[in-house]
Amino acid sequence: RLPVPCFSFAASTTALQPSTDHQHNTNKTPTRCNCTKMTEEAQLTSDQIDDLRIKTEDAFKELKEKSEAATPSTSWIRSGDDAASDAATTRESTQNGATATAWDKDRSPRCQFFDHFGFTHVGNFCDEDEVRRLKEQMAELANNDWQCNDKVASFGTDAKANKARGDYFLDSSNQIHYFAEPTALDEDGNLKSDFANDKLAALNKSGHAMHIRDGAFRDYTLSQKVRDLVTDLGWEDPVVPQSMYIFKQPRIGGTVHSHQDSTFLHTTPKQSCLGLWLALDDATLENGCLWVRPGSHKEPLRRQFIRNPEYFEEGKMDASKLTFLQHHENDSVTWEGGLPKDQSLWEAGFIPVECKAGDLLAFCGTLDHLSLPNFSDRQRHTFQLHLIEGPRAGVTWSPQNWLQYPLQQPFISLLRDT
């Protein structure tokens, strides 16, 4: 069975649950094998992965103990303000020393952990039938809607790929578009013949409005359990700007470099993005599980991915349509948009979070996270929702963001669009 973090929060309760799924060999002593030196170039040996799992289990135990022993933390999303106060007066971030309120102190262990470290793992959030329906709708969409006759759009997360995105990407804001793995295309940008009868295997991602189409994706987005989780974590007017399906294909699924989700989903007067990362397959060290940097959600937002004013406002047709706007220089984070170079992921403060199919990771938009390539023969599909606070919480979607709905159409509300 897949080893998972040494604790998990049950989907139907806010109590902290010890995991019963470990295969922790208590007689095994970790060796000096540099098990934390995992990179995007090479996979670790099975012994090194076993040792890394033991080390990760110990790290999660330490996080749990710190969360239980700590004084109540201020809510990341409500920024320490009284729950009954006007949300428009909330502060930009929680690193200003805000004092915990009575509302903060009454929060569940799951919420306290989330506010302390920026993420929470919810085991068995979806059952096998829900996972199957999401996969089936994705396969149906790709096989019926994705036209591969012309040059195919691909997707990467390096700086060059981000700035090179064009109209097909921009027009996906309220539609479902398809982006292939770069290695699935030939020199002319056409889909290789190897994928003629298996288009799904060529895809890197699909997005960015999966939740708008009727069917399993919309049903999941507007489900009671999603609403319950989001409001329990403190969101008052959650709306959904974006959703996407990530494939992480066997052997060719590449690195997703270090980033903060609020880079792409910027709000004012505070950051309010919440990522809901649902595993549709077991996500492991071998096939590219998520790595998070606990506590990094309290750091300021480093940059914002915007529509380039040189192109859209100044009319410079040779300028890229998208670019990054620097918000905060963090001298201790030298790997933004990449990976740490002079230290391992572990030394930089990242830990892996393995999940079973149906498990959910919820994390703040300012949490630093990434994933490494899929070195295995097993796919790692995920469905990802990105929420923000809406106007009723006094929060505004940035007009500079790359994602803009036509005619300023409103985002789907979890509390009103049921």
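In what follows, the structure referred to is the one given above.
Residues numbered from 1 in each chain as written. Predicted model: local features only at pLDDT ≥ 70, side-chain atom pairs only at ≥ 80, totals over all residues. Heavy atoms only, no water.

J.: For the sheet that holds strand 7 (residues 256–259), give the residues involved together with the corresponding values.
T.: As summarised here, the arrangement of the four strands in space is 7-15-10-13, forming an open sheet in which the pairing is antiparallel. Looking at strand neighbours, the two that pair on one side only are strand 7 and strand 13 (351–353), the edges of this open sheet. Strand-to-strand twist of the sheet, defined as the mean angle between neighbouring strand axes without regard to direction, takes the value 25°. As judged from the three bridges shared by strand 10 (residues 290–292) and strand 15 (residues 369–371), these two strands associate in the antiparallel manner. Among the inter-strand pairings, Val292 is bridged to a residue of strand 15, identified as His369. On top of the sheet, helix 1 (residues 46–69) reaches strand 10 and strand 13; it is set at about 95° to strand 13, its chief contact. (Pairing = 2+ DSSP bridges. Helix = DSSP H or I, 4+ residues; strand = E, 2+ residues; numbered from the N terminus. Axes fitted to C-alpha atoms, helices over the stretch in contact; angles between N-to-C directions. Contact = heavy atoms within 4.5 Å.)

J.: Report on the packing of aromatic side chains, specifying residues and quantitative values.
T.: For the structure on display, the rule yields 20 aromatic pairs. By way of ring pairs, the aromatic residues Phe125, Phe217, Tyr220, Tyr245, Phe247 and Phe383 are connected into one cluster. A cation sits over an aromatic face here: Arg303 above Phe324, 3.6 Å from the ring centre. (Phe/Tyr/Trp six-rings, centres within 6.5 Å; stacked < 30°, edge-to-face > 60°. Lys NZ or Arg CZ within 6 Å of the ring centre and 35° of its normal.)

J.: Let's hear about the nonpolar core: which residues, and what values?
T.: Residues Met138, Tyr220, Leu274 and Leu276 are the most contacted members of the largest nonpolar core, which totals 48 residues. Residues within four places of Tyr220 in sequence aside, it is in contact with Phe125, Cys126, Leu134, Val226, Leu278, Leu360, Phe383 and Leu385. Core analysis: the second largest hydrophobic core is formed by 32 residues, Val292, Phe350, Val353 and Leu370 among them. (Core = buried A, V, L, I, M, F, W, Y, C linked by side-chain atoms within 4.5 Å. Buried < 20%, exposed > 50% of the residue type's maximum accessible area, 1.4 Å probe, protein only.)

J.: How would you summarise the environment of Ser75 if you had to cite specific residues and measurements?
T.: Inspection of the secondary structure assignment puts Ser75 in the loop between helix 1 and helix 2 (102–105). When the C-alpha atoms of Ser75 and Leu233 are compared, they prove to be 8.3 Å apart, with 158 residues separating the residues in sequence. Looking at Ser75, its side chain comes within polar contact range of the main-chain nitrogen of Ile77, at 3.4 Å. Reaching out from Ser75, the side chain makes a polar contact with the backbone nitrogen of Arg78 at a distance of 3.1 Å. (Polar contact = N/O pair within 3.5 Å; in protein donor to acceptor, adjacent residues only side chain to side chain.)

J.: For the pattern of salt bridges, give the residues involved together with the corresponding values.
T.: When their charged atoms lie close together, side chains carrying opposite charge are able to pair. Under the criterion given, the structure shown has 23 salt bridges. Taking the shortest distance from any N to any O, the salt bridge between Arg110 and Asp232 comes out at 2.9 Å. Of this pair, Arg110 sits in helix 3 (residues 109–117) while Asp232 sits in helix 8 (residues 224–232), and the two are 122 residues apart along the sequence. For the salt bridge of Arg302 with Glu336, the shortest nitrogen-to-oxygen distance reads 2.5 Å. You can see Arg302 sitting in the loop between strand 10 and strand 11 (303–307) and its partner Glu336 sitting in the loop between strand 12 (322–326) and strand 13, a full 34 residues away along the chain. The class of Arg302 is buried, set by a relative accessible area of 2%. (Salt bridge = Lys/Arg side-chain N within 4 Å of Asp/Glu carboxyl O.)

J.: Tell me about helix 1, residues and numbers included.
T.: The end-to-end C-alpha distance of helix 1 is 35 Å, a good match for the 34 Å that 24 residues give at a rise of 1.5 Å each. Among the residues making up helix 1, those that are buried are Gln48, Ile49, Asp51, Leu52, Arg53, Ile54, Thr56, Glu57, Ala59, Phe60, Leu63 and Ser67. (Expected span 1.5 Å × (residues − 1).)

J.: Break down the pairing of strand 3 (residues 119–123) for me, with residues and values.
T.: Most of strand 3 is tucked away, with five of its five residues classed as buried. Burial of strand 3 is two-sided: the residues Phe119, His121 and Gly123 facing one way and the residues Thr120 and Val122 facing the other way are all buried.

J.: Explain the environment of Val292 to me, and be specific about the residues and the numbers.
T.: Take Val292: it is sitting in strand 10. According to the relative accessible area criterion, Val292 is buried, its value standing at 1%. Val292 sits 60 residues away from Pro352 along the chain, and the two C-alpha atoms are 6.4 Å apart. Excluding residues within four positions of it along the chain, Val292 makes contact with Phe119, Gly349, Phe350, Ile351, Val353, Leu367, Asp368 and His369.

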